[in-house]
Amino acid sequence: MDYKQIIDKLVRELSYRVGIPNIHNKEHQSIMSEILSEWGEYDVKQTIFEFLTNEDDTEGEDKQYSHIGAGIYVKKGDEKKDNAQKYKKDDSGSIKPISDDEYDKTKSSQGDDGEKAASNTDQNQQGGGSNDEKGNQEEPKTNAFSGDGGDEYKKNLPDGDPAKKKKDASSSKSDEKQIMKKLSKSQQSARRVSKKINSEQLKSNDPNLSEEEIQHMDKFSNLTDEFLNNDTSEERKREIAQQLKEDYDLKTNTETIDEDGNPKKVKLYIKKNYDGGKVPRSIETSLGGGKSWSANDGMRHLTNELNKYLDDDNKVSTNSIGGKSESALKVEFEKAAKPSFKIEGGETKREKTRQNPITKGKRKDPNNPGYDVNGNPLTITDPLVSQIFEKNTALGDLKESMHSLEGPADADGNMIPCDSPENKRKHYDFLINNNDSFDKVKQQSQKYINDPNVSESDKEKFRNIVKSIDSYKEEMNKLKNEIPSEEAEKKVQELNRKLMIDIHESHPDIASGMAKQFAENALVTQEIAAGDEVYMPSNGSFPGGDKIVVTRNGAKMEAVAGVSVKFGRSSKQTEIYGFPGESQSMARFAEPERKSDETDEEFQARKEDIRTRNGKYVGQDGYLFGVRDDIVKDKDKFDKILEQSGMNEVVTDSEKLHKLNNEIHSEVERWMKEQRDKTPPPTEKSIRIGLQKHIKGWMKKNNIQNRFEECIDRTKLNKSVTSTDDGNYTTKGDEERKHSNANLASGCNPLEFMGMTSFASSVKEGKGMPSLLWNHQSYEDNDYQSATTDPGDTDMTDLSNWGFSSRLFVTSGRQGGGILATGTGEKKNKKNPLE
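1. Description of helix α20 (residues 486-506)
Moving on, step 1. For α20, spanning 21 residues, the distance from its first C-alpha to its last is 30 Å, which sits close to the expected 30 Å at 1.5 Å a residue.
Moving on, step 2. For α20, the set of buried residues is Ala488, Val492, Leu495, Asn496, Leu499, Met500, Ile501, Asp502, Ile503, His504 and Ser506.

Quick look at the structure:
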């Protein structure tokens, strides 16, 4: 999340509303809170106000001083001394001594009010009065027109009077601050979550809520306020925790710690309504601030605080539907939605070469290889599939197991080309009516609908999923005879959009898993409706592309391209969608120019070199550094990679960097050998998992990062992968935006740098992977979007049109991934966050 961008925008909006903004002014803070709520930035609001509250709490150095007004401090105990040393905060927030002249200037610059403020002691400020000549406390003088006084006047005002409301609000804020001071950091975080529950916000999110439902949530707010107050007795806290658990059936989406024992952000749901009936989504997700929410630490802290006071058999636990947690349920439906096809009594996979059915069981002819004794060929070649996977092309160079497509076949069992209106209708029909994933999702939904232990609210969600799919298929089938046409394309696009919206509204908590699987099929149907020739690969691990687009000149196949389809992004401030592809897979699409003096063998060897530079994880055999070993060890190859990638401009001392990389490489090799030599040796998997902790600790101990900084120029690295010196750019809508690569460019370590550099050399030598397109889809702000980055109109040799991230190590939960990459077109497009 780009906090800098949001804070800049917030300050501009605040200045528009109040003039000169002051983030320490309580009125201005109140307006900031309102602005962030209007924008729906609840997590940002929580983080900003944690900072402001912590700053007010005089932790650390501040607690030794008393603020005497006008930004002036004295040491505690010196408040009444006229000659006491005065202090002010510098720009970093540290308290520094000031001279008497500076103190006098500060007072005089504030006028009469500043003179009084700077002469008041902390005690006077809290008491609201001043000292008489004998040092006795005087009662504050008030009148009906004073800014902070006039309490007697305001007491007599009617309840609805704005002046009284302002006074009550000020008093309430003061009380809240005192309560927060007595809480630990985790309790403060939990209390901020409970503050998201208020009548106005609930009504704004969902005008259809009944008065009983509003009262139900007001009660929740009051109970949590009392619970998260350290003036409340332990016994009373235990009673409240029990009541909250029983009356609101609180559930998390997952455990509060991960499998390694580390704290884990969670979502905390309210699963019980005032009458025990169906819970509106706005109430269910109210602790997260509404429909568009994500797991956070505040909800984890609230869960943990409640569980301290609940019995072991009655703690706030994960939301279980039919015995499955939300995360397990999401995985289950994502798996069910994975593209798969079926034809009654037949095969949908069309391979480049397949066994000839009439030769099954027949003897081979030893004198005529490839034929049986009767002279029949043992295999049949599919004309279309063999054309698409033609030898010495990006797709044809993939291993043989990848050479197959899904689709309808003719009477001979060969793939029907999607190259004529009639054939496009056959492919379209296949994608809608032979898509087994639709049926699998419906079957899984029906299982929970029929489960007596599943709540009515949850059953309704599954019923809506079934309705969404049935409605989609029915409407899509009505369009069959209109395909291909511009009108059909628009209608299919709208139906695909509606499907994505419907499944998100049906079951928001598990929808994203299904949506990213449906995304591929949705895009193919849309493109066929538009008249394009598109196919889906059969192999689930097809590298880079999730669909294949063919361009023809008459009957001649002119170009073939893979299209990577990615769904969803982690935040609106990045152009990286879904799980980016692994660089080792992306590099398979590199298409270098053949040199005039190269033989076939030399060209094939150079292609293979360019396509195999990146590994899957640090510690992989042959790729101990995460890139191929020879690139790290051989100085000439290392320099060549730097030059080909353009990173030679970034590296200030290649000799020192080469030595540093080899030092890391040697330590990886040494440690892994040491582990394997143990008796008994650990498993290979546990060695790979343990490598991350060891290498990170070793790098810290040996000052690797600081030594790395001496070898590179961060400004030039930013320029190389973001196109600007600081990683920021201005969108087409004149918004300041941080490039998706900015964080990695500003903070990468030597392993990540070499991973990016090696892949960048493959990108540039491989002409930007011209046979690979990138489709990005998302469901954000209750809407569905889809866009494709095409190397035909985007310079994909420019690294700022790519998005990079890293998963260099094997962990208990994943098998690494190395440098991850996706074509974003970010430099070219300069998108606004939701375009």
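2. Considering the side chain of Lys473
Moving on, step 1. With respect to the secondary-structure elements, Lys473 resides in helix α19 (residues 456-478).
Moving on, step 2. There is no salt bridge for the buried Lys473, and the closest opposite charge comes from Asp439, which lies 4.2 Å off by N-O distance.
Moving on, step 3. Those residues in contact with Lys473 that sit more than four places away from it in its chain are Ile432, Asn433, Phe438 and Asp439.

3. Notes on the pattern of salt bridges
Moving on, step 1. Per the counting criterion, the structure on display carries 56 salt bridges.
Moving on, step 2. For the salt bridge of Lys219 with Asp247, the shortest nitrogen-to-oxygen distance reads 3.3 Å. Remark: Asp247 occurs in helix α12 (residues 234-248) and Lys219 occurs in helix α11 (residues 211-227); sequence separation between them is 28 residues.
Moving on, step 3. When its relative accessible area of 36% is taken as the criterion, Lys219 is described as partly exposed.
Moving on, step 4. On the accessibility criterion, Asp247 (24% relative accessible area) is partly exposed.

4. Side note on the packing of aromatic side chains
Moving on, step 1. Evaluated as defined, the whole model comprises 12 aromatic pairs.
Moving on, step 2. Their ring planes at 25 degrees and their centres at 5.7 Å tell us that Phe333 and Phe462 sit as a pair that is stacked. Placement of Phe333 in helix α15 (residues 326-336) and of Phe462 in helix α19 is noted, with a sequence separation of 129 residues between them. Judged on exposure class, the residue Phe333 and its partner Phe462 are both buried.
Moving on, step 3. Arranged with centres 5.8 Å apart and planes meeting at 70 degrees, the rings of Phe438 and Tyr472 form a pair that is edge-to-face. One end of the pair, Phe438, is in helix α18 (residues 436-449); the other, Tyr472, is in helix α19, and 34 residues separate them in sequence.
Moving on, step 4. When its relative accessible area of 2% is taken as the criterion, Phe438 is described as buried.
Moving on, step 5. The exposure class assigned to Tyr472 is buried, which follows from its relative accessible area of 4%.
Moving on, step 6. An aromatic cluster of at least three residues, connected via ring pairs, comprises Phe759, Trp774, Trp802 and Phe804.
Moving on, step 7. The positively charged end of Lys271 is found above the aromatic ring belonging to Tyr269, 4.8 Å away from the centroid.

5. Side note on unusual backbone geometry
Excluding glycine, most residues fall at negative phi; most peptide bonds, likewise, are trans.
Moving on, step 1. Between Ile483 and Pro484 the backbone carries a cis peptide bond, its omega angle lying at -5 degrees.
Moving on, step 2. Residue Pro680 is reached from Thr679 by a cis peptide bond, and omega for that bond is -10 degrees.
Moving on, step 3. With a phi close to 45 degrees, Asp249 is a non-glycine residue in the positive phi region.
Moving on, step 4. The residue Asp249 is located in the loop between α12 and β5 (250-252) in this model.
Moving on, step 5. On the basis of relative accessibility, which here comes to 25%, the residue Asp249 falls in the partly exposed class.
Moving on, step 6. The phi torsion at Asn392 lies on the positive side, around 65 degrees, for a residue other than glycine.
Moving on, step 7. Topologically, Asn392 is positioned in the loop between α16 (383-388) and β13 (404-406).
Moving on, step 8. Its relative accessible area of 45% is what places Asn392 among the partly exposed residues.

6. A few points about the nonpolar core
Moving on, step 1. Membership of the largest hydrophobic core comes to 121 residues, with the highest contact counts inside it found for Ile388, Phe518, Phe753 and Phe804.
Moving on, step 2. A per-element tally of this core places helix α21 (residues 511-529) first, with 9 residues.
Moving on, step 3. Aside from chain neighbours lying at most four places away, what touches Phe518 is Ala337, Ser437, Phe438, Val441, Ile469, Leu499, Met500 and Ile503.
Moving on, step 4. Counting 30 residues, the second largest nonpolar core, distinct from the first, contains Phe227, Tyr248, Leu250 and Ile283.

Rules behind the numbers
Residues numbered from 1 in each chain as written. Predicted model: local features only at pLDDT ≥ 70, side-chain atom pairs only at ≥ 80, totals over all residues. Heavy atoms only, no water. Helix = DSSP H or I, 4+ residues; strand = E, 2+ residues; numbered from the N terminus. Expected span 1.5 Å × (residues − 1). Buried < 20%, exposed > 50% of the residue type's maximum accessible area, 1.4 Å probe, protein only. Lys, Arg positive; Asp, Glu negative; His and termini not counted. Salt bridge = Lys/Arg side-chain N within 4 Å of Asp/Glu carboxyl O. Contact = heavy atoms within 4.5 Å. Phe/Tyr/Trp six-rings, centres within 6.5 Å; stacked < 30°, edge-to-face > 60°. Lys NZ or Arg CZ within 6 Å of the ring centre and 35° of its normal. Core = buried A, V, L, I, M, F, W, Y, C linked by side-chain atoms within 4.5 Å.

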